[in-house]
Amino acid sequence: MYVGRFAPSPTGPLHLGSLFAAVTSYLDARAHHGTWLVRMEDIDSPREVPGAADTILTQLETHGLNWDGPVLYQSRRIPAYREAWHQLRADGLVYPCNCSRKRLRHLEGIYDGRCRTKTAPGQDDIPCAWRVRTDIADRVHWNDLFCGPQQFDLKQTIGDFIVLRKDGLFAYQLAVSVDDAFQSITHVIRGGDLLDSTPRQLHLLQLLSSPAPRYGHTPILTDSSGLKLSKQRFAPAINPASAQDNITRCLGLIGLTPPTSSLGAPASELLQWAAENWHRNVLKTGESGKKTPASIAVD
């Protein structure tokens, strides 16, 4: 049984890039007669925008992207993340880290395991980050549904990464891994900007003895200068009054052109047509041997 999901962060309303990600995830699920879930990744409270979660859900509904079952809010799942962290800690797979930001900047993104053998800090009343060990990991392999065979050496490219932050918040990598297992997610279709998160999540799922979903990373949308459309770069929110045009535009970027008879049809009907005509090779430009592009520029 296919179970997919769309998991936005409520740091602002959906823009064209995030709508594109939602549409590709939705179409792959519906084309395979699967379940499509929505998960709200609202555990990073300092970055959350009040009201953004409700806005996102309204935007999805307005655009015909109707999900199955109740929305899962990560902010209500803290006990599950804590249980997973305790399991990793009991198995000796995580350790406390008190490296300064200055030292971490010098490491250029690859943690060297300095705190791996330290015994302090580590008391529960001393603030510190907790990292998961990657020195025990083999190379991580998976066959991406859009990008083809992938291979990562976590030890060399990322190093031990944080699962519990110094401020007490659980990190994205742990939360999403725990929730994918909890919701029995079988397929994760998301933007290529999250490609390097996949080896970390596969590593955690293996350590937690949880099954791994299939992953497919789609192109990200960029502006004319090649920068990713994002909330941080002030990409404009999609206009709910233009839902049909927004969906038509996303389908065109995917490579699906609705028939002229569909002009003016509601967004839900356009999506139904698209699901019936969706195939994963459409993102490979429909030509044999072509790889999925890393990005698609929009005007």
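Conventions used here
Residues numbered from 1 in each chain as written. Predicted model: local features only at pLDDT ≥ 70, side-chain atom pairs only at ≥ 80, totals over all residues. Heavy atoms only, no water. Helix = DSSP H or I, 4+ residues; strand = E, 2+ residues; numbered from the N terminus. Rg over C-alpha atoms; globule rule 2.2 N^0.38 Å. Buried < 20%, exposed > 50% of the residue type's maximum accessible area, 1.4 Å probe, protein only. Areas by Shrake-Rupley, 256 points an atom, 1.4 Å probe, with all protein chains shown as cover. Lys, Arg positive; Asp, Glu negative; His and termini not counted. Charge placed at Lys NZ, Arg CZ, Asp CG, Glu CD. Salt bridge = Lys/Arg side-chain N within 4 Å of Asp/Glu carboxyl O. Axes fitted to C-alpha atoms, helices over the stretch in contact; angles between N-to-C directions. Parallel < 35°, antiparallel > 145°, perpendicular 65-115°, else oblique. Left-handed = near helix turned anticlockwise from the far one by under 90°. Contact = heavy atoms within 4.5 Å. Nonpolar A, V, L, I, M, F, W, Y, C, P; charged D, E, K, R; others polar. Pairing = 2+ DSSP bridges. Core = buried A, V, L, I, M, F, W, Y, C linked by side-chain atoms within 4.5 Å. Right-handed = clockwise from strand over helix to strand, strands pointing away.

With that settled, the discussion passes to the overall build of the protein. Helix and strand counts for the protein stand at nine helices and twelve strands. Computed over the C-alpha atoms, the radius of gyration of the protein is 20 Å, within 12% of the 19 Å expected from 2.2 N^0.38 for a compact globule of 299 residues. On the principal axes, the C-alpha backbone points of the protein span a range of 70 × 45 × 40 Å. The burial tally for the protein puts 53% of its 299 residues in the buried class. As displayed, the protein offers around 14500 Å² of accessible surface, 50% of which is attributable to carbon and sulfur atoms. Where the 32 positive side-chain charges of the protein centre and where its 30 negative ones centre are 7 Å apart.

For the structure on display, the rule yields 15 salt bridges. When the shortest N-O distance is used, the salt bridge between D44 and R165 registers 3.4 Å. Linking D44 in the loop between strand 2 (35-40) and helix 2 (52-62) with R165 in the loop between strand 8 (161-164) and helix 6 (172-182), this pair joins segments that are 121 residues apart in sequence. The exposure class of R165 is partly exposed, given its relative accessible area of 26%. The residue D179 makes a salt bridge to R77 at a minimum N-O spacing of 2.8 Å. Placement of the pair is D179 in helix 6 and R77 in the loop between strand 3 (72-73) and helix 3 (78-90), with a sequence separation of 102 residues. Look at the salt bridges and you will find they share partners, linking D44, R47, R165 and D167 into a network.

Contact geometry of helix 6 with helix 7 (residues 198-207) gives a least axis separation of 9 Å together with a crossing angle of 60°. Considering the angle they form, helix 6 stands oblique to helix 7. Seen along the crossing, helix 6 lies across helix 7 with a hand that is right-handed. Taken together, the residues of helix 7 that come into contact with helix 6 (itself represented by Y172, Q173, L174, V176, S177 and A181) are R200, Q201, L204 and L205. Of the residues contributing to the contact of helix 6 with helix 7, the split by class is six nonpolar, three polar and one charged.

Overall, parallel pairing links the three strands, which are arranged 1-2-3 in an open sheet. In this open sheet, the two strands that pair with only one neighbour each are strand 1 (3-6) and strand 3. Packed onto the sheet, helix 1 (residues 16-31) meets strand 1 and strand 2 and runs at close to 150° relative to strand 2. Packing of helix 2 onto the sheet brings it into contact with strand 1, strand 2 and strand 3, and relative to strand 2 it is tilted by some 155°.

Residues V23, L27, L60, L65, L251, I254 and L256 are the most contacted members of the largest nonpolar core, which totals 49 residues. Mapped onto this core, the elements with two or more residues apiece are helix 1, strand 2, helix 2, helix 8 (243-254) and helix 9 (267-277). Sort the elements by how many residues they give to this core and helix 1 lands first, with nine residues. What L256 contacts, discounting residues up to four positions off in sequence, is L27, L251, W273, A274, N277, W278 and V282. One finds W85, V94, V140 and A175 within the second-largest nonpolar core, a separate group that totals 34 residues.

This part takes up the pairing of strand 9 (residues 187-191). With five of five residues buried, strand 9 lies mostly within the body of the structure. One ladder, built from five bridges, connects strand 9 with strand 10 (residues 214-218); its direction is parallel. In the strand pairing of strand 10, G191 is matched with T218. Traced from strand 9 through helix 7 to strand 10, the parallel crossover comes out right-handed.

Within the chain, E108 stands out as a residue other than glycine whose phi angle is a positive 55°. Its location among the elements puts E108 in the loop between helix 4 (101-106) and strand 5 (129-132). Residue classification places E108 among the exposed positions, given a relative accessible area of 70%.

So, on to helix 6. Counting buried residues in helix 6 gives eight out of eleven residues, a clear majority hidden from the surface. Taken as a whole, helix 6 has its buried residues at Q173, L174, A175, V176, S177, V178, D179 and D180. At the exit of helix 6 stands S184, carrying a positive phi of roughly 55°.

By themselves these figures say nothing about function.
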